[in-house]
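Observations on the model geometry
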Amino acid sequence: MRLAFVLMLTVMSGLVDAQTYPNRPIRVIVPQPPGGGFDLVARVLAEPLARVMGNPVVVENRAGGGTIIGTEAVAKADPDGYSILLGANANIVFNNGLYERLPYDPKADFVPIGIATFNPYTLVARNDLPFKSLKEIVEFARANPGKLTYASAGNGTGQHIAAAVTFHRAGAQITHVPYKGAGPAYQDLMPGRVDLFFDNAATAQPQIDGGRVKAIAVSTPERLAALPNVPTVRENGVDFDLEAWIGYFVRRGTPEPIVARLRADFDKVLAMPDIAAGLEKRGYRTVRLAPREAEALVARDIDKWTQLIRSAGIRVAD
């Protein structure tokens, strides 16, 4: 009887909170420094979301620990809808395979408000690399283990994982050279101090358009409209595809009426033509998924990439 009374009070409290929500600023926690792809998407969405909700929405960068610090902050915040996580493959999916223990559980601790963008990767090479295709690169690497090198924006990043899983599945040994971001990686790729870089397509495109690097393959199941003559990884005989995503999440346990309000307003933002056009101009593909579709995508990717990362032997200390 007492338990039923406590549960009733909890439900009633949640309903009261939902009726007054929001009545103070909402924080969007970005687990990376300002200026990167995470930060860009968070800020593009935050301002129109504030307009739709009639309430301040403030972006707060909590970098550190390979996205762990900011993600943990939301996992431990009150489940009241005032702390939103900018979630992506990096902190929701990849970390689950990279670390034996995390201070958060990506499945149990978070609920997707919505997925905003899909983000492909493009494998680029120094211009004077004497290979025209991924198939040729793989054949050379098999015959010359460790001779070729690939850059990443750091251990455990999407660039690292995209390349490591691709070459692992191709049976090719290529040496990983981690950098502190995409900028330093390109500074060594363009003059030929490193051979390859499997970068986010949005940041790779200007380098390709400028003729500073050459495109080898794309990570998507089908060719990209921006690079119609560049084949996919699968077309080169390697069983691999990756299209990363970015979205908003809240802590599980947030009252359902608040989650529903956030989802409805988030969808209104994604339906704005200028928002979609602005993101797509920057190289992101906008999407609008139903809540069940978003939840299924996240759960499926956590299981899939945890297995792939661990089978490829990828570690953050590599």
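Given the structure is predicted, the values throughout are model-derived calculations rather than measurements.

1. Observations regarding the overall build of the protein
Looking only at helices and strands, one finds eleven helices and ten strands in the protein. Its C-alpha atoms give the protein a radius of gyration of 21 Å, near enough to 20 Å, the size a compact globule of 318 residues would have. With the principal axes as the frame, the protein shows a C-alpha extent of 70 × 40 × 30 Å. Out of the 318 residues belonging to the protein, those deemed buried represent 52%. Within the protein, residue pairs in contact and separated by at least 24 positions form 77% of the contacts whose partners lie at least 6 positions apart. Of the accessible surface of the protein, which amounts to about 14400 Å², a share of 54% is contributed by carbon and sulfur atoms.

2. Some words on the packing of helix 4 (residues 89-98) against helix 11 (residues 291-311)
The N-to-C vectors of helix 4 and helix 11 enclose an angle of 40°; their axes lie 7 Å apart at closest approach. By the angle between their directions, the pair helix 4 and helix 11 is classed as oblique. In terms of crossing hand, the pair formed by helix 4 and helix 11 is right-handed. Residues Asn-89, Ile-92, Val-93, Phe-94, Asn-96, Gly-97 and Leu-98 of helix 4 form the contact with helix 11, whose own contacting residues are Val-298, Asp-301, Ile-302, Trp-305, Thr-306, Ile-309 and Arg-310. Residue composition of the contact of helix 4 with helix 11, grouped by class: eight nonpolar, four polar and two charged.

3. Structural notes on the side chain of Arg-126
Considering the arrangement of structural elements, one finds Arg-126 in the loop between strand 4 (110-125) and helix 5 (134-143). Arg-126 gets classed as buried once you look at its relative accessible area, which sits at 15%. Reaching out from Arg-126, the side chain makes a polar contact with the side chain of Asp-128 at a distance of 2.8 Å. Other than its neighbours up to four places away in sequence, Arg-126 contacts Leu-189, Gly-192, Val-194, Asp-195 and Lys-214.

4. A few points about the nonpolar core
Counting 53 residues, the largest nonpolar core has Ile-92, Ile-115, Leu-134, Leu-196, Phe-240, Trp-245 and Trp-305 as the members making the most contacts within it. Not counting the four nearest positions on each side in its chain, Trp-305 is found in contact with Val-93, Phe-94, Ile-161, Val-165, Phe-240, Asp-241 and Leu-242. Among the nonpolar cores identified, the runner-up in size contains 37 residues, and Ile-26, Val-30, Val-44 and Ile-246 belong to it.

5. Comments concerning the layout of surface pockets
In this structure, the second largest pocket occupies an estimated 290 Å³ of space. Phe-118, Glu-243, Leu-297, Arg-300 and Asp-301 are, among the 14 residues lining the second largest pocket, the residues nearest its centre. Of all elements in the fold, only strand 9 (243-251) and helix 11 reach the threshold of two or more residues within the lining of the second largest pocket. In terms of residue count, the dominant contributor to the lining of the second largest pocket is helix 11 (seven residues). Considered class by class, the residues forming the lining of the second largest pocket number eight nonpolar, no polar and six charged.

6. A word on the pattern of salt bridges
In total, this model carries 20 salt bridges according to the counting rule given. Of the charged contacts, one joins Arg-169 and Asp-239 as a salt bridge, the two residues approaching to 3.6 Å between their closest N and O atoms. Taken together, the positions of Arg-169 in helix 6 (residues 158-170) and Asp-239 in the loop between strand 8 (214-218) and strand 9 put the pair 70 residues apart, joining distant regions of the chain. A residue is classified by how much of its surface remains accessible, and Arg-169, at 41% relative accessible area, is partly exposed.

7. Structural notes on the pairing of strand 5 (residues 149-152)
Here strand 5 shows a buried face lined by Thr-149 and Ala-151 and a second buried face lined by Tyr-150 and Ser-152. As defined by bridge partners, strand 5 adjoins strand 6 (residues 175-178) across four bridges and the pair is classed as parallel. Directly across from Tyr-150, in strand 6, lies its bridge partner His-176. Note on the crossover from strand 5 through helix 6 to strand 6: the handedness is right-handed. Bridging between strand 5 and strand 7 (residues 196-200) involves two bridges; their strand directions are parallel. Bridge pairing links Tyr-150 to Leu-196 in strand 7.

The rules behind these values
- Residues numbered from 1 in each chain as written.
- Predicted model: local features only at pLDDT ≥ 70, side-chain atom pairs only at ≥ 80, totals over all residues.
- Heavy atoms only, no water.
- Helix = DSSP H or I, 4+ residues; strand = E, 2+ residues; numbered from the N terminus.
- Rg over C-alpha atoms; globule rule 2.2 N^0.38 Å.
- Buried < 20%, exposed > 50% of the residue type's maximum accessible area, 1.4 Å probe, protein only.
- Contact = heavy atoms within 4.5 Å.
- Areas by Shrake-Rupley, 256 points an atom, 1.4 Å probe, with all protein chains shown as cover.
- Axes fitted to C-alpha atoms, helices over the stretch in contact; angles between N-to-C directions.
- Parallel < 35°, antiparallel > 145°, perpendicular 65-115°, else oblique.
- Left-handed = near helix turned anticlockwise from the far one by under 90°.
- Nonpolar A, V, L, I, M, F, W, Y, C, P; charged D, E, K, R; others polar.
- Polar contact = N/O pair within 3.5 Å; in protein donor to acceptor, adjacent residues only side chain to side chain.
- Core = buried A, V, L, I, M, F, W, Y, C linked by side-chain atoms within 4.5 Å.
- 1 Å grid on protein atoms, 1.4 Å probe; cavity = no way out; pocket = protein on both sides within 12 Å on 5 of 7 lines; lining within 4 Å.
- Points joined across faces, edges and corners; volume = space filled by probe spheres on them.
- Salt bridge = Lys/Arg side-chain N within 4 Å of Asp/Glu carboxyl O.
- Pairing = 2+ DSSP bridges.
- Right-handed = clockwise from strand over helix to strand, strands pointing away.

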